[in-house]
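# Observations on chain architecture
Each chain, written out:
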Amino acid sequence: MAQTTLFSKSEIDRRVAEMGAEITRDLAGSELIALCVLKGAMFFCSDLMRHIAFDVALDFIQVSSYGDQKTSSGVVTLLKEPQLDMRGKSVLIVEDIIDSGLSMNEVFRYIKLDRGAREVRTATFLDKPTARKVPFKADYVGFSIDPKFVIGYGLDYAEKYRNVPDIQVLGD
Ligand code: PRP
C-alpha cells in the first residue's frame, strides 16, 4: 500500500515539546497521573511525559474499538484497568488519536465516575474532528487532520506500522 508522510519526526518532536510546555504551565502543582491509552499512545505518552517539567505518575488503560478493521466497531471494551488509586487526583488521559470519540468518551467517563478522579484532562496527538459519532473535545491536541487513515508513531493498521517514526497516510 502507498504511504505518504503527513508529519515528519522533527515536526512531531516540535509539537510534542509545545504540548508538554503547555501542560506544564496549566497543571504545575497538581498531583498528576498520566494515563496512557494502550497500545497506540505509548510512543506519544512517553515523549510527552519527558516534556512535562514536574513530577508525573504513570498508569495504563487499554480499551478496544477497532479490531483489525479500518472503521470503528462502535463497541468499546475495557481490556486492562489502571492500577493506581485515582480518587481525588488529577488525571491526564493520553491518546494517540480521537476518531469517532467513542474510546475517549468511555475512558473519560470511567476515570471520572468509576475511578473518582477529581479532575480529568485529555491530550491527543491527532484529532479527526469531522469523524465524531459522539461529541468530544480534547484539552490538548497535537494536530487536527482530515478523516484519512494514518499509521506510525504508535498508530497501526492490523498491528503493523506502529514503529514507523513519522505519521503517514495509508493509501489504497
Ligand atoms: C484506536 C486509537 C484510539 C481509538 C480512537 O485504538 O488508539 O484509542 O482507536 O478511535 P475512536 O475515537 O473511534 O474510538 P484501538 O482500539 O485501535 O487500539 P490500539 O491503540 O491498541 O491500536
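Coordinates for the structure precede this section.
What you see is a predicted model; the values in this text were computed from it and never measured.

With that settled, consider the site of the ligand. In the vicinity of the ligand, 18 residues are found, and the nearest of them are E95, D96, D99, S100 and S103. A distance of 3.1 Å separates an oxygen atom of the ligand from a polar atom in the side chain of D156. R162 has a polar side-chain atom sitting 3.2 Å from an oxygen atom of the ligand. Burial of the ligand by the protein chains amounts to 93% of its free accessible area of 490 Å². Breaking the shell around the ligand down by element, the ones donating at least two residues are β3 (56-64), β5 (90-98) and α3 (102-114). When grouped by side-chain class, the residues that make up the shell around the ligand number six nonpolar, six polar and six charged.

The subject of this paragraph is the packing of aromatic side chains. Overall, the coordinates contain six aromatic pairs when judged by the stated rule. Note on F44 and F125: the rings are 5.4 Å apart at their centroids and 50 degrees apart in plane angle, and the pair reads as tilted. Here the residue F44 occupies a position in helix α2 (residues 42-49), and F125 occupies one in strand β6 (residues 119-127), the gap between them amounting to 81 residues. By relative accessible area, which is 0% here, F44 ends up buried. Ring centres of F108 and F136 lie 5.9 Å apart, and the angle between their planes is 70 degrees; this geometry places the pair in the edge-to-face category. Taken together, the residues span a long stretch of sequence, with F108 in helix α3 and F136 in the loop between β6 and β7 (140-144) at a distance of 28 residues. Owing to a relative accessible area of 28%, F108 belongs among the partly exposed residues under this scheme. Through successive ring pairs, a cluster of aromatic residues spans F7, F44, F125, F143 and Y153.

This brings us to the pattern of salt bridges. Tallied over the entire structure, the rule returns twelve salt bridges. Residue R121 is joined to E119 by a salt bridge in which the shortest nitrogen-to-oxygen separation is 3.1 Å. Residues joined by salt bridges that share partners form a network here, namely K39, D156, E159 and R162.

Here we take up the sheet that holds strand β9 (residues 167-170). Read from one edge of the open sheet, three strands run β1-β9-β8, paired in antiparallel fashion. Edge positions in the sheet fall to β1 (3-7) and β8 (150-151), since each has one partner strand and no second. Alignment of β1 against β9, held across four bridges, turns out to be antiparallel. If you follow T4 over to β9, its bridge partner there is V169.

Looking along the chain, the bond that leaves L38 and enters K39 is cis, with omega of -5 degrees. Following the sequence through the fold, K39 ends up in the loop between β2 (32-38) and α2. The backbone phi angle of Y161 is positive, close to 75 degrees, even though this residue is not glycine. Position of Y161 relative to the elements: it lies in the loop between β8 and β9. Take Y161: its relative accessible area is 18%, and that puts it in the buried class.

Let's shift gears to the sheet that holds β7. Hydrogen bonds along the backbone pair up the strands of a sheet, which may run parallel or antiparallel. Strand order in this open sheet of six strands is β4-β3-β2-β5-β6-β7, and the pairing throughout is mixed. The sheet is open, and its two edges are formed by β4 (77-80) and β7, each paired on a single side. Between one strand and the next, the sheet's axes are offset by a mean angle of 30 degrees, whatever the strand orientation. As judged from the four bridges shared by β6 and β7, these two strands associate in the parallel manner. By the bridge assignment for β7, D127 is matched with S144. Where α2 meets the sheet, its contacts fall on β2, β3, β5 and β6, and the angle it forms with β5 comes to roughly 135 degrees. Seen against the sheet, α3 touches β2, β3, β4, β5 and β6 and runs at an angle of roughly 170 degrees to β5.

Calculation notes
Residues numbered from 1 in each chain as written. Predicted model: local features only at pLDDT ≥ 70, side-chain atom pairs only at ≥ 80, totals over all residues. Heavy atoms only, no water. Near = heavy atom within 4 Å. Polar contact = N/O pair within 3.5 Å; in protein donor to acceptor, adjacent residues only side chain to side chain. Areas by Shrake-Rupley, 256 points an atom, 1.4 Å probe, with all protein chains shown as cover. Helix = DSSP H or I, 4+ residues; strand = E, 2+ residues; numbered from the N terminus. Nonpolar A, V, L, I, M, F, W, Y, C, P; charged D, E, K, R; others polar. Phe/Tyr/Trp six-rings, centres within 6.5 Å; stacked < 30°, edge-to-face > 60°. Buried < 20%, exposed > 50% of the residue type's maximum accessible area, 1.4 Å probe, protein only. Salt bridge = Lys/Arg side-chain N within 4 Å of Asp/Glu carboxyl O. Pairing = 2+ DSSP bridges. Axes fitted to C-alpha atoms, helices over the stretch in contact; angles between N-to-C directions. Contact = heavy atoms within 4.5 Å.

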